[in-house]
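Tertiary structure, described
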Amino acid sequence: MTRWYEGPLAAFDTETTGVDVEQDRIVSAALIVQECAGGRVRSTRWLVNPGIPVPPGATEVHGLTDEHLQRHGRWPAPVVEEIARALGEQLVAGRPVVVMNAPFDLTLLDRELRRHRASSLARYLDNRALTVLDPRVLDKHLDRYRKGRRTLTDLCAHYGIELEAAHDAAADALASLELVRAVGRRFAARLERLTPGELHTLQTVWHAAQARGLQAWFARQGTPESVDPHWPLRPELPAAA
């Protein structure tokens with residue numbers, strides 16, 4: 001029987017105008033599908049003209065300028081619908097979707113759908129949930145006492161995954177997919193008897209615990225930052241009174 005981390009997986013990643021999921025916009029996205037470890041990779045890429053200026057700091061990260069996006073990017077409304085439908089296809093096919101730091105990418109996509117399609121990610125998924133595997137949550141739970149940062153670059157270095165062209169959505173998605181396979185192999189004794197669906201449920205608990213720990217650390221440091229415990233999607237903010 002094929003272990004889940006050797007079998008079919010998809011991976012999703014975005015590049016954006018910034019790190020605020022409520023206000024920032026998608027400028028590029030990619031969905032990677034691989035039916036088995038080492039198998040052929042199918043990729044779908046999207047380039048988006050976000051309709052707002054791209055801050056210089058964001059351009060420094062992903063290299064996408066206003067001029068390039070205005071010339072080559074598509075308007076967001078049809079793109080975000082295509083992305084949501086493509087993710088829905090993974091749900092129908094039964095493929096787990098790897099998303100590094102899932103609450104960022106999936107929440108931002110949800111907000112773009114609300115902004116441009118007057119809809120939500122849940123509606124495009126027929127109110128069913130994706131099965132999500134988040135390498136950051138998995139690694140932090142399975143190797144919780146290891147010191148150091150856990151960005152995609154750091155995790156790839158730790159697990160020996162090649163990451164070319166970091167902050168390119170397709171490259172990051174592929175690296176995240178390979179990273180989950182590597183995590184699965186390293187911690188096979190703890191993971192191989194769990195289904196991806198069971199892991200999805202466990203990650204909601206693990207992420208919430210990780211968020212509480214980080215919130216407590218911020219409190220000790222006197223940092224007023226708030227950590228959202230929801231995973232893999234943050235709830236919609238209540239409308240202002």
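Up top is the structure.
The paragraphs below set out a description of the structure included in this document. All chains use their own residue numbering, which begins from 1 and follows the written sequence. Where local features are concerned, this predicted model is filtered to residues with pLDDT of at least 70; where side-chain atom pairs are given and counted, the filter is 80 or more; whole-chain, interface and lining totals use all residues. For the side-chain quantities, the full set of heavy atoms in the structure was used; hydrogens and water were omitted.

A few points about the environment of proline 103
Quick note on the threshold: Think of it this way: any DSSP run of H or I at least four residues long counts as a helix, any run of E at least two long counts as a strand, and we number them from the N terminus.
Along the chain, the position of proline 103 falls in helix α4 (residues 102-117). Each C-alpha atom of the pair proline 103 and alanine 173 lies 15 Å from the other, and the pair is 70 residues apart in sequence.

Looking at the nonpolar core
Spelled out, the test is: The nonpolar core is taken to be a set of buried Ala, Val, Leu, Ile, Met, Phe, Trp, Tyr and Cys residues, with the residues joined through side-chain atoms within 4.5 Å. When accessible area is computed with a 1.4 Å probe and restricted to protein chains, residues below 20% of their type maximum are described as buried, those above 50% as exposed, and intermediate ones as partly exposed. Here, residues are in contact when the closest pair of their heavy atoms is within 4.5 Å.
Of all hydrophobic cores here, the largest spans 61 residues; its most connected members are Phe12, Ile83, Leu87, Leu106, Leu109, Leu121 and Tyr159. Those residues in contact with leucine 109 that sit more than four places away from it in its chain are Phe12, Ile26, Val80, Ile83, Leu87 and Leu121. With 5 residues, the next largest nonpolar core counts Val27, Val54, Ala58 and Leu64 among its residues.

Re the sheet that holds strand β1 (residues 9-16)
Paired through their backbone hydrogen bonds, the strands of a sheet run either parallel or antiparallel. Just so we agree on the cut-off: Strands qualify as paired when DSSP identifies two bridges or more between them. For helices, the axis comes from a line fit to the C-alpha atoms of the stretch in contact; other axes are also lines fit to C-alpha atoms, and the angle between any two N-to-C directions lies between 0 and 180 degrees.
The mixed open sheet is built from 5 strands, whose spatial order is β3-β2-β1-β4-β5. This sheet does not close on itself; its edge strands, each paired only once, are β3 (41-47) and β5 (132-133). Sheet analysis places strand β4 (residues 97-98) next to β5, joined by 2 bridges and oriented parallel. Directly across from valine 97, in β5, lies its bridge partner valine 132. Sheet strands touched by helix α3 (residues 76-93): β1, β2 (26-34), β3 and β4. Its angle to β2, the strand with the most contacts, is close to 20 degrees. The sheet contacts of helix α8 (residues 169-186) involve β1, β2, β3, β4 and β5, and relative to β1 the element is tilted by about 140 degrees.

Some points on α3
Note the following rule: A helix is expected to reach a length of 1.5 Å times the quantity of its residues less one.
The terminal C-alpha atoms of α3, which comprises 18 residues, lie 26 Å apart, in line with the 26 Å expected from a rise of 1.5 Å per residue. Every buried residue belonging to α3 is among Pro76, Ala77, Val79, Val80, Glu81, Ile83, Ala84, Ala86, Leu87, Gly88, Gln90 and Leu91, and all of these are buried. Downstream of α3 by a residue or two, glycine 94 has a phi angle that is positive, lying close to 80 degrees.

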